[in-house]
Amino acid sequence: MNGNIILITTLVITVIGVLVGFGLVFAGKKFRVDVDERETAVREILPGNNCGACGFAGCDAMAAAIVKGEAPVNGCPVGGGPVAEKIAAIMGTDAGSVEKKVAFVRCKGSCEFTKNQGTYVGLEDCRSAQMNGIRFTDCDYGCLGLGSCVKVCPENAITVKDGIAAVDPRKCVGCGLCAKTCPRNLIELVPESKLVRVRCSNRDKGPTVKKVCSAGCIGCMLCTRLCPTKAITVENNLAHIDYEACIQCGKCAEKCPAHVINLPLRSANPEAPASQAAPNG
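Procedures and definitions
- Residues numbered from 1 in each chain as written.
- Predicted model: local features only at pLDDT ≥ 70, side-chain atom pairs only at ≥ 80, totals over all residues.
- Heavy atoms only, no water.
- Helix = DSSP H or I, 4+ residues; strand = E, 2+ residues; numbered from the N terminus.
- Buried < 20%, exposed > 50% of the residue type's maximum accessible area, 1.4 Å probe, protein only.
- Contact = heavy atoms within 4.5 Å.
- Areas by Shrake-Rupley, 256 points an atom, 1.4 Å probe, with all protein chains shown as cover.
- Polar contact = N/O pair within 3.5 Å; in protein donor to acceptor, adjacent residues only side chain to side chain.
- Salt bridge = Lys/Arg side-chain N within 4 Å of Asp/Glu carboxyl O.
- Axes fitted to C-alpha atoms, helices over the stretch in contact; angles between N-to-C directions.
- Parallel < 35°, antiparallel > 145°, perpendicular 65-115°, else oblique.
- Nonpolar A, V, L, I, M, F, W, Y, C, P; charged D, E, K, R; others polar.
- Patch = residues over 30% accessible without salt bridge, like charges linked within 9 Å, V, L, I, M, F, W, Y side chains within 5 Å.
- Disulfide = S-S within 2.5 Å.
- Left-handed = near helix turned anticlockwise from the far one by under 90°.

Draft legend 1. Representation of the overall build of the chain in the model. The secondary structure content of the chain amounts to 10 helices and 6 strands. Burial analysis of the chain (281 residues in total) assigns 40% to the buried set. Expressed as a percentage of contacts within the chain between residues at least 6 apart in sequence, the contacts between residues at least 24 apart total 57%. With the model as given, the accessible surface of the chain reaches about 15900 Å², and the carbon-plus-sulfur share is 56%.

What follows is the structure in structure tokens.
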């Protein structure tokens with residue numbers, strides 16, 4: 001009797017297993033989602049940072065969007081031109097003009113140029129300090145220097161030196177996580193080759209700026225008069241550069257009375273392009 005029960009149980013389990021197996025095969029065929037081979041190829045080319053700087057959740061989502069035509073082939077800011085060209089070859093299209101961007105800290109107010117208000121002991125987080133109204137210098141626009149940007153950088157390209165963040169452009173991949181993290185919006189992504197940059201974010205008038213930082217932009221507009229391509233303008237008492245129009249002549253930087261504009265380093269050959277800048281910030 002027990003033997004019959006065991007046999008019947010075994011047969012029932014076997015039949016159920018076979019039916020479930022057929023059901024899974026049928027469901028797999030009916031609900032199968034075909035993956036475009038190009039999506040896999042594009043994903044293999046993307047750098048894999050999954051930083052979200054492209055506007056998508058990660059490289060997988062970016063690859064799918066490119067294949068569907070929802071994102072441009074040069075949409076990855078980390079990979080730059082070489083990655084865009086490979087993806088364009090897969091998609092059978094033109095990569096277009098794309099240049100790698102690097103993070104740049106728009107502040108020169110280190111301890112040398114600003115007055116420290118005291119010693120801070122507390123949570124090492126710029127966002128928390130900003131929300132709680134904590135000030136380390138008299139400048140309301142300068143870098144807080146607690147290193148929130150340092151913590152989120154996947155390439156260890158940022159350090160805090162003399163109270164302000166500094167970016168090593170040789171390590172920076174342009175993911176933009178630091179820019180999103182900075183509570184004072186001091187960090188921006190700029191074209192890697194454009195080395196003439198304004199290292200200030202203070203929008204107060206000149207006399208007020210000089211009281212809190214000897215290296216701040218005073219909005220004198222001398223740079224706007226010197227620029228041969230009208231690439232630099234002063235808005236809200238602060239100089240701004242149009243990187244597309246800027247030809248890197250360096251005239252604005254040479255004459256800036258506050259020395260707040262980066263001067264591109266050049267080789268002995270005056271016709272040579274500007275060299276890679278030293279760590280900025």
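Draft legend 2. The side chain of Gln-248, seen in detail. Among the secondary structure elements, Gln-248 is positioned in the loop between β6 (238-241) and α10 (251-255). Take Gln-248: its relative accessible area is 6%, and that puts it in the buried class. A distance of 2.6 Å separates the side chain of Gln-248 from the backbone nitrogen of Leu-195, its partner in a polar contact. A polar side-chain atom of Gln-248 sits 3.3 Å from the main-chain amide nitrogen of Val-196.

Draft legend 3. Expanded view of the environment of Cys-51. Examined against the element boundaries, Cys-51 turns out to sit in the loop between α2 (37-45) and α3 (59-68). In this structure, the C-alpha to C-alpha distance between Cys-51 and Leu-177, residues 126 residues apart in sequence, is 7.2 Å. Contact partners of Cys-51, with chain neighbours within four places excluded, come to Val-78, Cys-175 and Leu-177.

Draft legend 4. Up close: the pattern of salt bridges. Overall, the coordinates contain 4 salt bridges when judged by the stated rule. Linking Arg-43 and Asp-60 is a salt bridge whose minimum nitrogen-to-oxygen distance equals 2.6 Å. Here Asp-60 lies in helix α3 and Arg-43 lies in helix α2, a separation of 17 residues in the sequence. Salt-bridge contacts for Arg-135 lead to Asp-140; the nearest nitrogen and oxygen are separated by 3.0 Å.

Draft legend 5. Representation of the packing of α2 against helix α4 (residues 80-91). Contact geometry of α2 with α4 gives a least axis separation of 10 Å together with a crossing angle of 170°. Relative to α4, α2 is oriented roughly antiparallel. The segment α2 lies against α4, with Arg-38, Ala-41, Val-42 and Ile-45 engaging Val-83, Lys-86, Ile-87, Ile-90 and Met-91. Class assignment of the residues belonging to the contact of α2 with α4 gives a composition of 7 nonpolar, no polar and 2 charged.

Draft legend 6. Layout of a nonpolar patch on the surface. On the surface, a nonpolar cluster with roughly 470 Å² of combined accessible area is contributed by Ile-8, Val-12, Ile-16, Val-20 and Leu-24. What makes Ile-8 exposed here is its relative accessible area of 52%.

Draft legend 7. Local environment of the state of the cysteines. For the structure shown, the criterion picks out 0 disulfides. Counting only cysteine sulfurs, Cys-175 is the nearest neighbor of Cys-178, a cysteine outside any disulfide, at a range of 6.1 Å. No disulfide involves Cys-182; its sulfur sits 6.6 Å from that of Cys-143, the nearest cysteine.

Draft legend 8. A look at the packing of α2 against α3. Following both chains from N to C, one finds α2 and α3 inclined at 135°, their axes separated by 9 Å at the closest point. By the criterion of interaxial angle, the relationship of α2 to α3 is oblique. With respect to the hand of their crossing, α2 and α3 are arranged in right-handed fashion. Counting all contacts with α2, which are made through Arg-38, Glu-39, Val-42 and Arg-43, the residues of α3 involved are Cys-59, Asp-60, Ala-63, Ala-64, Ile-66 and Val-67. For the contact of α2 with α3, the residue count by class is 6 nonpolar, no polar and 4 charged.

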